[in-house]
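# Commentary on secondary and tertiary structure
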Amino acid sequence: MAMTKNQRLVYIALLASQAVIISLIERAIPFPFAIAPGAKLGLANIITCMALYTLSTKDAAKVVAIRIVLSTLLGGTISSFMYSASGAILSFIGMWAVKKLGPNRVSLIGVSTAGAILHNVGQLMIASWIAQTWTVLLYLPVLSFIGILSGIAIGIFANYLLNHVEKLHYYRDLRELKRNI
Amino acid sequence: MNAYFHMIKRWDAIIIIALVLLSFLPLAIFSYQQTKVDQTNANLVAVITVDNEEIERITLTGNTESHTFDITASDGDTNTIEIKNNQIRIKAATCPDQVCVRTGFIAKAGETIVCLPHKLVIEIQTESGETDDIIISS
């Protein structure tokens, strides 16, 4: 039994709203890494991972787009929108490509870490474009290091959710089934 | 815990390592470029730009006295900049995210402080000393 259209719409809306709430909460957490200004935990990446594993690529992209637009409207600025949009687009493409390698080759850890690092790459590219100096990119190794740590943690977390929340589990199996037919 | 280690597959490691190496690429290109500049008599210069227009150019090498000054844009955005012991930092700013203030002091070539909301960038560049002006004619 496939997801009905309404089920799918509600599920997309649910994931998107959860992602918005998570990124709002994350904004309220005082900055955890004093050494690397601008670094973030990227908790909203959990939702992107779950969307990628339970929805079609198109619908997962919708979840990400809704999250970025809504969280900008709820207390962002134009520059923060450009930042998060470029980061999210690049990381979404990267995560999708990594996931394409197949579940036998990569786990959620690889997917979320690639997403975290590429998110930083996208942000710094926008920053260097605005600042008109590519030396901003020299900051990348620091951010990548934190991206790896948080990416691994978020991969484990998302994996736990996918395996233990009954509906997610069910949707993922559904998706695998649909692909195999 | 062991189960999580088993979760990591070979391609995970390959992808992570590749991305980490990739993130060092700009650094590698930059240091390659820097080797061409003669380091021995190079001066470090902090270039302050707002909205891609150069506002100020301060020589950092040998600049041991400390002083602070404000850069205020026409719309009231203010960044307080401090120079001390050949280093430069943004001491205070009226921007919402304060990333520029938390960056702290910078002193090495290629380091930048970016205040994105104010479009203010401080970049440290190397300027080779007086040797630049010598024109050898036969």
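Before reading further, recall that the structure is shown in the block above.
We now turn to the structure provided with this report. Remember, it's a predicted structure, so these values are computed and weren't measured experimentally. (Residues numbered from 1 in each chain as written. Chains lettered and ligands numbered in written order. Predicted model: local features only at pLDDT ≥ 70, side-chain atom pairs only at ≥ 80, totals over all residues. Heavy atoms only, no water.)

### A few points about the overall build of chain B
Along its length, chain B carries four helices and seven strands. When its helices and strands are written in sequence order, chain B yields α-α-α-β-β-β-β-β-α-β-β. Of all 138 residues assigned to chain B, the portion counted as buried reaches 36%. Intrachain contacts of chain B at a sequence separation of at least 6 include 36% that bridge at least 24 residues. A total accessible area of about 8,400 Å² is found for chain B, and carbon and sulfur atoms account for 54% of it. (Helix = DSSP H or I, 4+ residues; strand = E, 2+ residues; numbered from the N terminus. Buried < 20%, exposed > 50% of the residue type's maximum accessible area, 1.4 Å probe, protein only. Contact = heavy atoms within 4.5 Å. Areas by Shrake-Rupley, 256 points an atom, 1.4 Å probe, with all protein chains shown as cover.)

### A word on the nonpolar core
Looking at soluble globular proteins, one finds that nonpolar side chains tend to be buried together. Core analysis: the biggest nonpolar cluster contains 57 residues, and Tyr11(A), Leu15(A), Met50(A), Leu52(A), Leu55(A), Val63(A) and Leu108(A) have the highest contact counts within it. Counting residues per element, the ones that place at least two in this core are helix H1 (5-28), helix H2 (45-54), helix H3 (57-73), helix H4 (78-99), helix H5 (108-131), helix H6 (140-164) and helix H7 (166-180) of chain A together with helix H2 (10-23) of chain B. For this core, the leading source of residues is H5(A), giving 12 residues. The residue makeup of this core includes at least three contributed by each of domain 1 (1-36) and domain 2 (40-128) of chain B. Ignoring sequence-local partners within four residues, the contact set of Leu52(A) consists of Ala60(A), Phe92(A), Met95(A), Trp96(A), Lys99(A), Val111(A) and Arg175(A). If you look at the next biggest cluster of nonpolar residues, it comprises 20 residues, including Ile58(B), Leu60(B), Ile71(B) and Leu120(B). (Core = buried A, V, L, I, M, F, W, Y, C linked by side-chain atoms within 4.5 Å. Domains from an automatic or database assignment.)

### Here's the deal with the packing of H2(A) against H6(A)
Residues and elements named next belong to chain A. Running from amino to carboxyl end, H2 crosses H6 at an angle of 50°, the nearest separation of the two axes being 9 Å. Taken together, the axis directions place H2 and H6 in an arrangement best described as oblique. Crossing geometry of H2 relative to H6 is assigned as right-handed. Facing H2, whose interface residues are Asn-45, Ile-46, Cys-49, Met-50, Tyr-53 and Thr-54, H6 presents Ile-154, Phe-157, Ala-158, Leu-161 and Leu-162. Here the contact of H2 with H6 is composed, by residue class, of nine nonpolar, two polar and no charged. (Axes fitted to C-alpha atoms, helices over the stretch in contact; angles between N-to-C directions. Parallel < 35°, antiparallel > 145°, perpendicular 65-115°, else oblique. Left-handed = near helix turned anticlockwise from the far one by under 90°. Nonpolar A, V, L, I, M, F, W, Y, C, P; charged D, E, K, R; others polar.)

### Considerations on the interface of chain A and chain B
Across the boundary between the two partners, chain A contributes 36 residues, which contact 29 residues of chain B. Around 2,900 Å² of area is buried between chain A and chain B when both sides are counted, 76% of it from carbon and sulfur atoms. At the junction of chain A with chain B, the criterion picks out zero salt bridges. Linking chain A to chain B there are three residue pairs in polar contact (both at pLDDT 80 or more). Within the residue set of the side of chain A that touches chain B, elements represented by two or more residues are H4, H5 and H6 of chain A. The element contributing the most residues to the side of chain A that touches chain B is H5(A), with 10 residues. Grouping the constituent residues of the side of chain A that touches chain B by class yields 24 nonpolar, 11 polar and one charged. (Buried area = accessible area lost by both parts, 1.4 Å probe. Salt bridge = Lys/Arg side-chain N within 4 Å of Asp/Glu carboxyl O. Polar contact = N/O pair within 3.5 Å; in protein donor to acceptor, adjacent residues only side chain to side chain.)

### Examining the environment of Ser84(A)
All names here are of chain A. Position of Ser-84 relative to the elements: it lies in helix H4. Along the sequence, Ser-84 and Ile-126 sit 42 residues apart, while their C-alpha atoms lie 9.6 Å from each other. If we skip the residues at most four places from it in the chain, Ser-84 touches Ile-68, His-119 and Gln-123.

### What to know about the sheet that holds strand S3 (residues 67-72) of chain B
Residue and element names in this part refer to chain B. The strand order S3-S4-S5 describes an open sheet built from three strands, whose pairing is antiparallel. A strand with exactly one partner marks an edge of an open sheet, and here the two such strands are S3 and strand S5 (87-93). Across this sheet, the average inter-strand angle for adjacent strands is 25°, counted without regard to direction. Relative to strand S4 (residues 78-84), S3 is paired through six bridges, and the arrangement is antiparallel. Looking at the pairing, Thr-68 lines up with Glu-82 of S4. (Pairing = 2+ DSSP bridges.)

### Some words on a nonpolar patch on the surface
Residue and element names in this part refer to chain A. Residues Ile-66, Val-69, Leu-70, Leu-73 and Phe-81 make up a contiguous nonpolar surface patch of about 420 Å² in total accessible area. If you tally residues by element for the nonpolar patch, the top one is H3, at four residues. On the secondary structure map, Leu-70 appears in helix H3. With relative accessibility at 37%, the residue Leu-70 sits in the partly exposed group. (Patch = residues over 30% accessible without salt bridge, like charges linked within 9 Å, V, L, I, M, F, W, Y side chains within 5 Å.)

So yeah, pure geometry; function would need other evidence.
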